[in-house]
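This is what each chain is made of:
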Amino acid sequence: MIRRSLTALLLSCWLLGCGLLNAAPVQAGPVDWQEVAASAEGRQWWDAGSLRLNRQGNLTVLSRFQPAAPEAAAEDEATAGREARPPASSLYVMELDCGQNLYRDTSINGLPQWGSSWQAAGNDGLIEATIVAACAAGADLLAGF
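The text that follows walks through the structure, step by step, so that each part is easy to find. The structure displayed is predicted, hence computed values, not measured ones.

### Overview of the nonpolar core
Core analysis: the largest hydrophobic core is formed by 15 residues, its most contacted members being Val 61, Met 94, Leu 96 and Ile 131. Those elements giving two or more residues to this core turn out to be strand E4 (59–67), strand E5 (90–97) and helix H3 (125–137). A total of five residues in this core trace back to one element, the largest contributor, which is H3. With residues up to four places along the chain from it excluded, the contact list for Met 94 reads Gln 44, Leu 59, Thr 60, Val 61, Ser 63, Tyr 103, Arg 104, Asp 105, Ile 127 and Thr 130.

### A look at unusual backbone geometry
Excluding glycine, residues mostly have negative phi values, and the peptide bonds linking residues are mostly trans. Unlike most non-glycine residues, Asn 101 shows phi in positive territory, near 60°. Within the fold, Asn 101 resides in the loop between E5 and strand E6 (102–108). The class of Asn 101 is partly exposed, set by a relative accessible area of 29%. A positive phi is found at Asn 109, a non-glycine position, where the angle reads about 50°. Residue classification places Asn 109 among the partly exposed positions, given a relative accessible area of 37%.

### A few points about the packing of aromatic side chains
Applying the stated rule across the entire model yields zero aromatic pairs. Arg 64 extends its terminal NZ or CZ atom over the ring of Trp 33, reaching a point 5.0 Å from the ring centre. Above the face of the Trp 45 ring, Arg 64 is positioned so that its terminal group lies 3.9 Å from the ring centre.

### Focus on the pairing of E5
Most of E5 sits inside the fold, with eight of its eight residues counted as buried. The alternating pattern of E5 places Ser 90, Tyr 92, Met 94 and Leu 96 and Leu 91, Val 93, Glu 95 and Asp 97 on opposite faces, both of which are buried. With seven bridges joining them, E4 and E5 adopt antiparallel strand pairing. In the strand pairing of E5, Leu 62 is matched with Val 93. Sheet analysis places E5 next to E6, joined by six bridges and oriented antiparallel. Residue pairing in the sheet places Met 94 in a bridge with Asp 105 of E6. In this antiparallel pair of consecutive strands, E5 and E6, the connection spans four residues, and Asn 101 shows a positive phi of 60°.

Conventions adopted
- Residues numbered from 1 in each chain as written.
- Predicted model: local features only at pLDDT ≥ 70, side-chain atom pairs only at ≥ 80, totals over all residues.
- Heavy atoms only, no water.
- Core = buried A, V, L, I, M, F, W, Y, C linked by side-chain atoms within 4.5 Å.
- Buried < 20%, exposed > 50% of the residue type's maximum accessible area, 1.4 Å probe, protein only.
- Helix = DSSP H or I, 4+ residues; strand = E, 2+ residues; numbered from the N terminus.
- Contact = heavy atoms within 4.5 Å.
- Phe/Tyr/Trp six-rings, centres within 6.5 Å; stacked < 30°, edge-to-face > 60°.
- Lys NZ or Arg CZ within 6 Å of the ring centre and 35° of its normal.
- Pairing = 2+ DSSP bridges.

Written out as structure tokens, the structure is:
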């Protein structure tokens, strides 16, 4: 419940900062996290309920990344008889150019990233999977642009 509230608050702050919302109260919708296949780098989710088409005709989506726990820390916790605590995750608002398979982070943990540049996913399987899944889910939005 707290995570949903925090996610909604961060997304609302980002939208206010971008001028996409007026100052009127907003109602937070449910978060629909979709996890992509985990990798050695960590885990990543995207929020199906946050898919939007912006003025430039690109999709925007809220995503969450959790880095993998360092093996040494996990081993230390295990030898101490405690369950390893997962690393903290970060929230990103990604703008996706589905036609060119590019992305840019427009907000990280609620802080706008003004002037962020377009990037290819490169060898980052988590970002690539997020782009593919979010673009597939947003195909109807893109078709109407």
